[in-house]
Amino acid sequence: MSGPVPILKDEEREHPVPSLWRSKLRDIAEALKDGNFNLFRVADVAPQDDDAASAIARNIKHYGFTLTSLPDATWATSVCQWQLDYWEVLVDLFTVEEGCSDLVLHVHIFERSGGFDFKVHFVYVP
């Protein structure tokens, strides 16, 4: 797809992840890769409480492969959909060993005056 991917409020179907959100989603994936499961100090991202962070860490550990930085290829398969109050986003995560993995980063994105707030829902294999 050429050109920027727009932000769409379409509750009827999934769309590609908008260009504007991709760097923040990369920041989240990078924090998880580096073991920051609470997502402390990631701007515009709600920190995870200890229980949620532990559950995410457990799922990644049990998956058995090492997370790596998101390549551009992730945007070819990652999707979002408007849910009337927020966007639900599923980002395909990549591992060192296998490239595109079965793990997804599930994020809710909320619109606010002047920007967006990101809340990680979970990391899991759907």
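Description of the structure in this document. (Residues numbered from 1 in each chain as written. Predicted model: local features only at pLDDT ≥ 70, side-chain atom pairs only at ≥ 80, totals over all residues. Heavy atoms only, no water.)

### A few points about the side chain of His108
Applicable threshold: Where helices and strands are cited, they refer to DSSP runs of H or I of at least four residues and of E of at least two residues respectively, numbered from the N terminus. To sort residues, take the accessible area from a 1.4 Å probe on protein chains only and compare it with the maximum for the residue type: under 20% means buried, over 50% means exposed, and anything in between is partly exposed. A contact between two residues is defined here by any heavy atoms of the two lying within 4.5 Å.
Checked against the element boundaries, His108 lands in strand E4 (residues 99-112). Residue class for His108 comes out buried when judged on its relative accessible area of 11%. When neighbours within four sequence positions are excluded, His108 is seen to be in contact with Tyr86, Trp87, Glu88, Asp117, Phe118, Lys119 and His121.

### Remarks on the packing of aromatic side chains
Here is the rule: The criterion for an aromatic pair is that two Phe, Tyr or Trp rings (for Trp, the six-membered ring) have centres within 6.5 Å, with stacked assigned to planes under 30 degrees apart, edge-to-face to planes over 60 apart and tilted to the rest. Note on criteria: charge over ring means Lys NZ or Arg CZ within 6 Å of the ring centre, with the direction from the centre no more than 35 degrees off the ring normal.
One pass over the structure, following the stated rule, counts 7 aromatic pairs. A ring pair is formed by Tyr63 and Phe65, whose centres lie 5.6 Å apart and whose planes are at 65°; its orientation type is edge-to-face. Phe65 sits in the partly exposed class, given a relative accessible area of 34%. On the basis of an interplanar angle of 55° and a centroid distance of 4.5 Å, the ring pair of Trp82 and Trp87 is categorised as tilted. The residues Trp82 and Trp87 share a single accessibility class, namely buried. Feature note: the residues Trp21, Trp82, Trp87 and Phe116 constitute an aromatic cluster, connected by ring pairs. Over the ring of Trp82 we find Lys9, and its NZ or CZ is 4.9 Å from the ring centre.

### Re helix H2 (residues 50-63)
This is how the line gets drawn: Helix span, as expected, comes to 1.5 Å for every residue beyond the first. In this context, the arc is that of the directions from the helix axis out to the C-beta atoms.
Counted at 1.5 Å a residue, the expected span for H2 with its 14 residues is 20 Å, and the 20 Å between its end C-alpha atoms agrees. Along H2, the residues that are buried comprise Ala53, Ala55, Ile56, Ile60 and Tyr63. Considered in projection along H2, the buried side chains sweep an arc of 160° and stay on one side of the axis. Exposed side of H2, more than 90 degrees from the buried face: Asp50, Asp51, Lys61 and His62 are the residues found there. Where H2 is buried, its residues contact helix H1 (19-33), strand E3 (87-95), E4 and strand E5 (115-124).

### What to know about H1
Every α-helix carries 3.6 residues per turn, so stepping three or four residues along brings you back to the same face. For H1, spanning 15 residues, the distance from its first C-alpha to its last is 22 Å, which sits close to the expected 21 Å at 1.5 Å a residue. Every buried residue of H1 is listed here: Trp21, Arg22, Lys24, Leu25, Ile28, Ala29, Ala31 and Leu32. Buried residues in H1 make contact with strand E1 (15-16), H2, strand E2 (79-82), E3, E4 and E5.

### A few points about the sheet that holds E5
Either a parallel or an antiparallel arrangement is found when strands of a sheet pair, and the pairing is made through backbone hydrogen bonds. Put simply, the test is: Pairing between two strands is assigned when DSSP locates at least 2 bridges connecting them. Whenever a helix is involved, its axis is fitted only over the stretch in contact; in every case the axis is a line through C-alpha atoms, and angles between N-to-C directions fall within 0 to 180 degrees.
Pairing is antiparallel across the open sheet formed by 5 strands, whose spatial order is E1-E2-E3-E4-E5. Of all the strands in the sheet, just E1 and E5 have a single pairing partner and so form its edges. For E2 and E3, the ladder comprises 4 bridges, and the chain directions are antiparallel. By the bridge assignment for E3, Trp82 is matched with Trp87. H1 rests against E1, E2, E3, E4 and E5 of the sheet, and its axis sits at about 40° to E5. Relative to E5, H2 is tilted by about 50°, and along the sheet it contacts E3, E4 and E5.

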